[in-house]
Every structure is written in structure tokens, then in C-alpha cells.
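Each chain, written out:
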Protein chains: 2
Amino acid sequence: MEKLKPRTLSGFMELLPQPQQQMERMMEILRRTYALYGFTPLDTPVIESSEVLLAKGGGDTEKQIYRFTKGDADLSLRFDLTVPLAKYVALHYNDLSFPFRRYQIGKVYRGERAQRGRFREFYQADIDVIGDGKLDITNEAEIPAIIYQTFTTLGLRRFQIRVNNRKILNGFYAMQGLTERSGDIMRTVDKLDKIGADKVRTCLMEDCGLTDGQADEILAFIAITGSNEQVLSALQNYAGRSEVFDQGLEELNTVVKYLAAFGVPEENFAVDLTIARGLDYYTGTVYETTLLDHPEIGSVCSGGRYDNLAEYYTDKQLPGVGISIGLTRLFYVLGEQGMLNPDLPTAPADVLVLPMTDDLAPAIALSTRLRAAGIRTQLYTEAKKFKAKMNYADKQGIPYVIFLGDDEIAQSLVSCKDMVSGEQTKLGFDETLQRIRAGLAEKNAGAVILEK
Amino acid sequence: MEKLKPRTLSGFMELLPQPQQQMERMMEILRRTYALYGFTPLDTPVIESSEVLLAKGGGDTEKQIYRFTKGDADLSLRFDLTVPLAKYVALHYNDLSFPFRRYQIGKVYRGERAQRGRFREFYQADIDVIGDGKLDITNEAEIPAIIYQTFTTLGLRRFQIRVNNRKILNGFYAMQGLTERSGDIMRTVDKLDKIGADKVRTCLMEDCGLTDGQADEILAFIAITGSNEQVLSALQNYAGRSEVFDQGLEELNTVVKYLAAFGVPEENFAVDLTIARGLDYYTGTVYETTLLDHPEIGSVCSGGRYDNLAEYYTDKQLPGVGISIGLTRLFYVLGEQGMLNPDLPTAPADVLVLPMTDDLAPAIALSTRLRAAGIRTQLYTEAKKFKAKMNYADKQGIPYVIFLGDDEIAQSLVSCKDMVSGEQTKLGFDETLQRIRAGLAEKNAGAVILEK
């Protein structure tokens, strides 16, 4: 028969079993952490009606969308989890309790030009809190705690949650009479890290048409840095000139004030006036998260407060705050950086049982007993040489191999080899189980991500 | 602004938060059970090249496929998890260890005519064991154990795993000189439950062209029922006339022999000679699983042994055995039958913390402490009347509400209301935590599925 060359599409992540286990650990941590903060899991379809998905329309996203027809239906694959959430909340409004807190970890699709580290199918891991009409500022203050908890549980320490408030920016630009040019100015300021203050100044004057004095004001403003206290105190000097600014400053004060109670150490948090994010969408607190040793990766968790989640579907005012982790890209980058802990078990099983007798019943019964005790057990019965069997365990990193021969069966004992230390014991079932459990607890104790 | 009516496509399951929590529990049980048997999780793309996905070609499936172009690429959404597995194993052959045991729980797509209980996007939960060249019969014997463990962990007792062996059928038809008509005959026999033995007899003679004697033979054969021992003993009478039959009978004997060691009670297992399944694909043991009180649902977990997983992609002989649970349909049917345990917690949080002071820091710190102790905690700070806050907890089924006022803070106590019993306590943090933990353990003790 003619064979077809098997292949996986470029831009689609397909992991081998060992990295897949690491990915599963990350997902499990995200699920557990999000649940700890009272978010409920949701699962919406990957396919939506194009009309619904593209209600907002326009933008770069539309070109990237996987859109097609099936019968009479004009369909699209979701390109984020926010639009499906907006649809969900508008559609099921009467069945939901507000504030509605949901998390969703799911695949989204963007037909970007394929390049290294860019994916066309990728997981996003989102949380959002949606209010009905109003939403208290405490929800915005809680987000850094969730980001902190998520990343520390994954194993990171050297990261920083950078926070700003769009009202502070909007109020500041209003004070300067630059409201209409604020979009251009923010895009220019956003390049500060890349091109430096001098070039930003030139661009502000030449491209945005600012006067010398206006450019000075803006550079002075974004130069406000230091501890949270220092930044907030410097911002206080602008107070009283714009209602919007004052409201933003009050919100930012609240967010900072509750950090300690939320368990976020000061060193993992910074007020950063250069952060703007999604110019048309966010209206209050905005968040970015950077790895201190890998600024080149950019933000690994971003989001913010918005005033109107579902305006394309409903008259209801649905303000919210949310963050998103681009999980597939994060996983890829961590792998590239060698930051995925290689010592955590990634084997499909904790124990490989090798029967040494023709009658398999004792080995099967032993496997059944191990599984009942919660030990992930594989029974190996292929007709192979002993060495091949041991190689099978070794290659997959299965930590324990159990042999069951006539001797062991007669004595009601179990021979168990620790594949790392090489140590072999011949003990009763309960003692063997205890040793395996203790060993697994130790092996599983590490975090998924290792900082160097 | 003009509003667009939000909607979800028909044939796409989109659950409200409470049923979604039940679905998550089911998925978690499947993941844990499959892992206990040494299966490794895999995740393959939803989109594949059409050429790869449709290598086998033809059949009804092809009409149902979501197929489209993006740029120059001819793409399709996967319609099952078996073809992607075949591609995966052929593509990554050199990086895998055999037998390769994987599970995958993922969405698949079939553009079927929309009707009640039929889904166009649905989860399949598959396990497969793939051998390299050969695969020991013990793997086939283990499958009923995995099915049994999965369904009992979900909460079912009244189900039966029905098993047959395609070699027994093929051998039997060969003995009768009916090999070429075996497909038609099996399709006719398959209707036994629906149309009865007399009509099957008529069809066998009129539609399949069998003689009186041949029809008698077939009806006598499929009438072999009783205990496993009785069926196996009756089959023994046909032994010695066909090599294929004898091999099938030996395999079936092995499967039955090890049932007890695998922990499968006899009452949950039956040899059933009427089961054939996927006529072209399966070659050895085949499995179906039926709910005894709901035969109308059909099989909820099916599969079997095949000889050549990836023949369209590779010359390598890759025999395997696998089963699949149609999770979305199963969940739908269980819901329709009222079999989803309504007493299990489905709330997004275990505790709702209501601050009763202007300074939120103590309530935030308490929430942080509860979360650190593993309690799913929502802090509620919206400006609502007390009654509205209690309604919020009640409507979502949040089991505990904690109040923190000036009194409690001054005394280092916590007021906690059990929303089911109505009992309210005012105790220290540790005692409150202990009560909550004990209460949650009790509430979470039940199984997901309830038999009536």
C-alpha cells in the first residue's frame, strides 16, 4: 500500500509524552489556583457563528481568523476566550450570579504567519470577574494576588507584576490638553525600553506634533519610578486637576494598599506608568507580568479592567476585570530557556510490574492492589528479554520496577528496584508500598519551573 | 449601538456553571483512572492537514467532516482521536517506547444533522495500547478492568462489560463456508435485540441467501448464553475445526481467566457472541458496555483489538487495543435520566467571605489564609444589602459564609454560617477551618453518578 508521510501542521504544538506531562502539571496548577480564588470552570465551543464571533469586527485579528462555511453556516474558530465569554454572559445572563467569576483554559486559533515560537493553535488560560452594572475595585486589587499565587506555585520567584491605571493616563493627558493625541503618544511611549528617552522625545515632537514643553511633561511623567510609595507620592502632585486622574489615583492607592493582606510581597509588584495595554478596551487597572531574568519574553500574564464586556450583544452594562496567560507560548519559552524542571517524574507510571511466572494471576493481582492504593501501575507482559524490559522502564523514567517470581509469591514478598538509586528490596506488600509512596512524594516535591 | 443576538450553534454543548462542574468531575475521574493504569496523557491538534486526516478516505465520516482552506492549506478538524493517534505514533515512532499507552480526552467534530442528544462538537475519552510488531493478549484482558474501574469510580454499579472476539466470529463463519457473507450476516444478527430471532432467521435466508441449515447454525450459535463458564464450554464444542476460531477461543479464555485478578466481578462482565463492532477494523477482542437499567442508551464505552493502527502512514506493523467513551453524549444522557448526583458541591467556592468593616484588610487577610489552607474562597465586596449577599451564596450553593465584623476582629474569632444546616458558629480560625474541612469532606464524598 502507498504510504502517506505523516506530519503535523506547522504552528501547531504537538508534544512528546514527557513534555506533555510537564504541560499537564502546569495546567493542573492553573486549574487549582484559579479555583482557590472562587472561579468556576467554563468550556465554550471552539466553533462559533462568524456573525457572533466577529460582531466587534475589524482589526488585525479578523485576517487571522479560521473562517469557513459548512452547509449554509458561516463559521469561525475562536481567536480568544474573551469574545466567547461576552457571548456566554449575554446569552445566559438570567442564569448567572454576579459578580460572575469564571476561568477557562482552552485552545484558540490565529492563522498567523508561521515562525519559531509563534503558534496558530494555542492555549489561553483566562480568568475574569464580571459585574452586573457595577464592580467593586477590590476585584482589581485581588488580581495581583492571583497572578502571584499562580506563578509562585509554578515555581517562579523572580517575576514582577507591573500595574498601572488607565484613568491616571487618560487624566494626565487631559490635563495636558492632549486627549486626542493620547493614543499616538502612548504608542510612542511604549517604545521607551527599545529606543530610549531621547528618541521618544524626538518622536513625540516630530510624529505626534508635541511642543517642547509638552514632551518634557510627558517624559517627566513616565520617568516617575521608585518604590510603590514613591510613585504614588509623586502622582499625588498631579492631583486635583482632573477628576478622572484623581479617581485613577484613588483606585491605584486601593490596589497597593491591600497588597500585603492579599499576600503579595512588595518585590513582586511595581507601579509602572509606562504600561497602557489595549488602548480601546481597558478603562481602569492594567496588568503585565515579566520574568526579571527574561525581559525579552515580554509579558507572560496581562489584562485589566474594562467597562463593557458584552456591548455588542446586550444593553446590559457588564464591567469586568480579567487576565490571560498565553500558556502554549509560555511553555515553549520555558522549554527553550531550559527552565522546565527535569527532575520531576514524567513517566506514564510509577511502577512497572514484571511477572516472572507463566501464570500471570499473582502479578495481575499485585498490580490491582497497587492501583487500589493509588499507585500508577503498568503491568508489562510482552515477551522480551529481561534487559529490554528494564530498558523500557529506564527510557521512560519509570521510578520503580517490581519483580514477582515463584520465590516472592511463595514468601508473600515483593522485589522492588529503585531505578534511580539502583537499590533493590525484597519486602512485604505494605512495606514496599510505603517505600514507593515516600520515594514518589520526594520526587514529586519540586516545582514545574526552575529558576537558574 | 445595534445589538447582535448572542447564540451558541446547535449541536454544540455549552453548559451552565453548575453542570460544568459536574462535567469537570467526570473528566478528572477519567484522567485519574486512566493514569492509574499507566497511560500517559496526549494532546494533538484539533486541525490536521486534510490529506493526513483523510488518508484512509471514504465512508460516511468524510461527508460529516469540517473541511476548509486557509491560504493554500487544505485543513480538516479531527473527527475522532484514533486517526490523530495513528499519525502521532507513525510520526514520532523513534521517540516512543512500546507498548505505548496513551490516553486522550479531547473534542472531535462531526457535522451530523442536528438532533436532540446528537452533538457536532463532542469529547471523546480514549485509551489505547500500541505494540511494536506484537502486542501481548494480557493487554486485551486488562481493558475490562479499566472500564470497570472507570465506571465504578464514577458511581455506577449496574453496568455490564460485554466482550466477544472477532476471531471466534470469523472462524465460525469460515467453518460454515460463509466467510464472504459474514459482513451481511453480522449486520443482520446485530438486529436481534430489535427484531427478534424469527425475523433474523427470515432475513438471513431472504437477504443473505442462507439455507435453512445455515440459518439454524447461526441462530444456534448466537443463542449460546449463560455464565462465562457456560458460554466458553459451549464454544469448546466448535473447537478443532478452524485455526482462527481456536485462537480466538484461547484469547477469550485468557481474558476471562484473569478477570478476578484484575478485580472485575463476574456480574459486571459477560461473554456476548452477538457483539461484532467495526467490521473492517477490529481483529480480536471487542468490547461494549451497557447500563443495565438503560439499554436504550446503547454502549457507553466500546472498542477492541486491531492489528494495524497506522497502515496508511507507515510500513511498521502497529497492533493495538483501545476503548473510547463518548463523554459529551454520556454526560447528556445521564443528565436527561436524572442520574447526575445533585448533592455534590457545584459552587465556584467553598466559602464566601463577607467583610463587615470599612477596612477590608482583615477580611482579605482571612481569605488569603483560607486559600493557603486549600479552601476555595471568594471575597465578596460589592455594595449590596445583606440579604442580596446571602442570596448570592445561596443561589450558587456556596456551602459556608464567613462574616468578619469589628467584634470578630477584636476577639480574633470568625463567624461562619453553614448554609445547609443554618447553624452559625463563632470560633477561632483553626477550629472554623476544621469544621469547614470536615463538612466539605462529607459533601464531596458522593459519586458523580447516582443510580436510582
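For the structure itself, consult the block above.
Each chain has its residues counted from 1, following the order in which its sequence is written. Here the convention is simple: chains get letters from A, ligands get numbers from 1, in the order in which they are written. It should be noted that, the model being predicted, local features are given only for residues of pLDDT at least 70 and side-chain atom pairs only at 80 or more, the latter also being counted only at that level, while totals for whole chains, interfaces and linings use all residues. The side-chain values count all of the structure's non-hydrogen atoms but skip hydrogen atoms and water molecules.

1. Re the overall build of chain A
- Helix and strand content of chain A: 16 helices and 16 strands.
- Along the three orthogonal principal directions, the C-alpha set of chain A runs to about 90 × 60 × 45 Å.
- Here's how the labels work: a residue is buried when its accessible area is under 20% of the maximum for its type, exposed when over 50%, partly exposed in between, all with a 1.4 Å probe on protein chains only. Per-residue burial over chain A gives 59% buried out of 452 residues.
- Once local pairs closer than 6 in sequence are excluded, the contacts in chain A between residues at least 24 apart make up 69%.
- Only the protein chains shown count as cover for residues, and all accessible areas are computed by the Shrake-Rupley method using a 1.4 Å probe. Per element, the accessible surface of chain A, about 18700 Å² overall, is 46% carbon and sulfur. The way it works is that DSSP assigns letters per residue, a run of H or I at least four long becomes a helix, a run of E at least two long becomes a strand, and they are numbered from the N terminus. Working rule for contacts: check all heavy atoms of both residues, and any pair within 4.5 Å makes them a contact.

2. Notes on the relation of the copies chain B and chain A
- In superposing the copies, a least-squares fit is computed on C-alpha atoms, taking residues whose pLDDT is at least 70 in both. Once turned by 180° and shifted 0.0 Å along the axis, chain B lies on chain A with an RMSD of 0.0 Å. Here the two chains are linked by the operation of a two-fold rotation axis. The position closest to the rotation axis in chain B is occupied by the C-alpha of Phe68(B), lying 3.0 Å away.
- When you check the interface residues of chain B against chain A, 100% turn up at the interface there too, and the contact is symmetric in its surfaces.

3. Some thoughts on the interface of chain B and chain A
- Contact with chain B, which involves 102 residues of that partner, is made by 102 residues of chain A.
- Carbon and sulfur atoms supply 58% of the area buried between chain B and chain A, which totals about 8600 Å² over both sides.
- One speaks of a salt bridge when a side-chain nitrogen belonging to Lys or Arg is within 4 Å of a carboxyl oxygen belonging to Asp or Glu. Between chain B and chain A we count 10 salt bridges in total.
- Asp315(A) serves as the salt-bridge partner of Lys3(B), at 3.9 Å between the closest nitrogen and oxygen.
- By the criterion applied in these results, polar contacts are pairs of N or O atoms within 3.5 Å in which, for protein atoms, one can donate a hydrogen and the other can accept it, and in which residues neighboring in sequence qualify only through two side-chain atoms. Connecting chain B to chain A are 51 residue pairs in polar contact (both at pLDDT 80 or more).
- Counting residues per element, the side of chain B that touches chain A draws most heavily on helix H1 (residues 17-36) of chain B, at 8 residues.
- Residue classes follow a fixed rule: Ala, Val, Leu, Ile, Met, Phe, Trp, Tyr, Cys and Pro count as nonpolar, while Asp, Glu, Lys and Arg count as charged, and any other residue, Gly among them, counts as polar. Of the residues assigned to the side of chain B that touches chain A, the class counts are 50 nonpolar, 22 polar and 30 charged. Buried area is calculated as the accessible area (1.4 Å probe) missing from two parts once they are joined, with the contributions of both summed.

4. Thoughts on unusual backbone geometry
Residues and elements named next belong to chain A.
- With omega at 0°, the peptide bond leading from Phe-98 into Pro-99 counts as cis.
- Position of Pro-99 relative to the elements: it lies in the loop between helix H4 (82-91) and strand S5 (100-109).
- Although it is not a glycine, Ser-412 sits at a positive phi angle of roughly 55°.
- For Ser-412, the position within the fold is in the loop between helix H15 (406-411) and strand S15 (414-418).

5. Describing the packing of helix H7 (residues 182-189) of chain B against helix H8 (residues 192-206) of chain B
All names here are of chain B.
- Following both chains from N to C, one finds H7 and H8 inclined at 140°, their axes separated by 8 Å at the closest point. One way to sum up the angle between H7 and H8 is to call them oblique. Across the interface between the two elements, Ile-185, Thr-188 and Val-189 from H7 touch Leu-192, Val-200, Cys-203 and Leu-204 from H8.
- Of the residues belonging to the contact of H7 with H8, the class tally is 6 nonpolar, 1 polar and no charged. In this analysis, axes come from line fits to C-alpha atoms, helices being fitted only over the stretch in contact, and the angle between any two N-to-C directions falls in the range 0 to 180 degrees. Each angle receives one of four descriptions, namely roughly parallel if under 35 degrees, roughly antiparallel if over 145, roughly perpendicular if within 65 to 115, and oblique otherwise.

6. Regarding the pattern of salt bridges
- Tallied over the full model, the rule gives 47 salt bridges over all chains.
- A salt bridge links Glu142(B) to Arg101(B); the nearest nitrogen and oxygen atoms lie 2.9 Å apart. Separated by 41 residues along the polypeptide, Glu142(B) in helix H5 (residues 138-154) and Arg101(B) in strand S5 (residues 100-109) bring together distant segments of the chain.
- In this structure Arg101(B) comes out as buried when scored by relative accessible area, which is 2%.
- Two residues, Asp212(B) and Arg201(B), come together in a salt bridge whose shortest N-O distance is 3.4 Å. Of this pair, Asp212(B) sits in helix H9 (residues 212-222) while Arg201(B) is found in helix H8, placing the two residues 11 residues apart along the sequence.
- By relative accessible area, Asp212(B) is classed as partly exposed at 45%.
- For Arg201(B), a relative accessible area of 22% translates into the label partly exposed.
- Each of Glu14(A), Glu48(B) and Lys87(B) takes part in a single network of salt bridges with overlapping partners.

7. Points about the sheet that holds strand S16 (residues 424-427) of chain A
Residue and element names in this part refer to chain A.
- Pairing within the open sheet is mixed, and its 5 strands lie in the order S13-S12-S14-S15-S16. With partners counted over all chains shown, the strands left at the sheet margins are strand S13 (377-379) and S16, one partner each. Looking at each pair of strands side by side, their axes are set apart by 25° on average, direction ignored.
- Pairs of strands are assigned from DSSP output, requiring at least two bridges between the strands. Bridge count between strand S12 (residues 351-355) and strand S14 (residues 400-404): 5 bridges; the pairing is parallel. Looking across to S14, one finds that Pro-355 is bridged to Leu-404.

8. Observations concerning the environment of Thr40(B)
- As for its placement among the helices and strands, Thr40(B) is situated in strand S1 (residues 40-41).
- For the pair Thr40(B) and Tyr103(B), spaced 63 residues apart in sequence, the C-alpha separation works out to 5.8 Å.
- In this view, Thr40(B) contacts Pro17(A), Gln21(A), Pro348(A), Phe100(B), Arg101(B), Arg102(B) and Tyr103(B); residues no more than four positions away in its chain are not counted.
- Within the local environment of Thr40(B), its side chain forms a polar contact with the side chain of Gln21(A), the two groups lying 3.0 Å apart.

9. A closer look at the packing of H5(B) against helix H11 (residues 243-257) of chain B
Residues and elements named next belong to chain B.
- H11 packs onto H5 with a crossing angle of 45° between their chain directions and a minimal axis gap of 8 Å. When the interaxial angle is binned, H5 and H11 end up oblique. In this structure, the crossing between H5 and H11 has a hand that is right-handed. Where H5 approaches H11, its residues Glu-140, Ala-141 and Pro-144 are matched on the opposing element by Glu-251, Thr-254 and Val-255.
- Each residue belonging to the contact of H5 with H11 can be placed in one class, and the counts come to 3 nonpolar, 1 polar and 2 charged. Here a crossing is taken to be left-handed if its near helix is turned anticlockwise relative to the far helix by less than a right angle, and right-handed if that turn runs clockwise.

10. Things to note about the environment of Lys167(A)
Residues and elements named next belong to chain A.
- Within the secondary structure, Lys-167 is located in helix H6 (residues 166-175).
- Once the C-alpha coordinates of Lys-167 and Gly-284 are considered, the two residues, 117 residues apart in sequence, prove to be 5.7 Å apart.
- If near-sequence neighbours (up to four positions away) are discounted, Lys-167 is found in contact with Val-244, Phe-245, Gln-247, Gly-248, Glu-251, Thr-283 and Gly-284.
- In terms of polar contacts, Lys-167 uses its side chain to reach the side chain of Glu-251, at 2.6 Å.

11. Concerning the pairing of strand S11 (residues 320-326) of chain B
All names here are of chain B.
- Of all the 7 residues making up S11, 5 are buried; the element is thus mostly covered by neighbouring parts of the structure.
- By the bridge criterion, 5 bridges tie strand S10 (residues 302-306) to S11 in an arrangement that is antiparallel. By the bridge assignment, Tyr-306 is partnered in S11 with Gly-320.

12. Regarding the packing of aromatic side chains
- Two rings belonging to Phe, Tyr or Trp (six-membered ring only in the last case) form a pair when the distance between their centres is within 6.5 Å. Interplanar angles under 30 degrees mark stacking, angles over 60 mark edge-to-face geometry, and anything in between is tilted. This model, assessed by the stated rule, comprises 35 aromatic pairs over all chains.
- Centroid distance Tyr88(B) to Phe100(B): 6.2 Å. Interplanar angle 15°. Geometry classified as stacked. In this pair, Tyr88(B) is assigned in helix H4 (residues 82-91) and Phe100(B) in strand S5, connecting sequence segments 12 residues apart.
- Pairwise contacts between aromatic rings join Tyr66(A), Phe68(A), Tyr109(A), Tyr66(B), Phe68(B) and Tyr109(B) into one cluster.

13. Some points on the side chain of Gln22(B)
- Checked against the element boundaries, Gln22(B) lands in helix H1.
- If we skip the residues at most four places from it in the chain, Gln22(B) touches Phe331(B), Leu340(B), Asn341(B), Thr346(B) and Val448(B).

14. Concerning the pairing of strand S10 (residues 302-306) of chain A
Residue and element names in this part refer to chain A.
- Of all 5 residues in S10, 5 are buried; the element is thus mostly enclosed.
- Sheet topology places strand S9 (residues 282-291) next to S10; 3 bridges connect them, and they run antiparallel. In the sheet register, Tyr-282 faces S10, and the bridge partner there is Tyr-306.

15. Digging into the sheet that holds strand S7 (residues 159-165) of chain A
Residue and element names in this part refer to chain A.
- Spatially, 8 strands are ordered S1-S5-S6-S11-S10-S9-S7-S8 in an open sheet, and the strand pairing comes out mixed. Here the strands that pair on one side only, and so sit at the sheet edges, are strand S1 (40-41) and strand S8 (269-271).
- Alignment of strand S6 (residues 121-130) against strand S11 (residues 320-326), held across 7 bridges, turns out to be antiparallel. Its bridge partner lying in S11, Ile-127 is registered against Ile-323.

16. So, a negative patch on the surface
- Each patch is built from residues lacking any salt bridge and having more than 30% relative accessible area; the joining distance is 9 Å for like charges and 5 Å for nonpolar side chains (Val, Leu, Ile, Met, Phe, Trp, Tyr). When charges are counted, neither His nor the chain ends are considered; positive counts come from Lys and Arg and negative counts from Asp and Glu. Where a charge sits is defined by one atom per residue type, namely NZ (Lys), CZ (Arg), CG (Asp) or CD (Glu). Together, Asp358(A), Asp359(A), Asp406(A) and Asp407(A) make up a region of like negative charge exposed at the surface.
- Considering the arrangement of structural elements, one finds Asp407(A) in helix H15.

17. Notes on helix H1 (residues 17-36) of chain A
All names here are of chain A.
- Helix span, expected: 1.5 Å multiplied by one less than the number of residues in the helix. Helix length check: H1 (20 residues) gives 28 Å between terminal C-alpha atoms against 28 Å at 1.5 Å per residue, within 8%.
- H1 sits mainly inside the fold: 15 of its 20 residues count as buried.
- At the C-terminal side of H1, Gly-38 shows a positive phi close to 80°.

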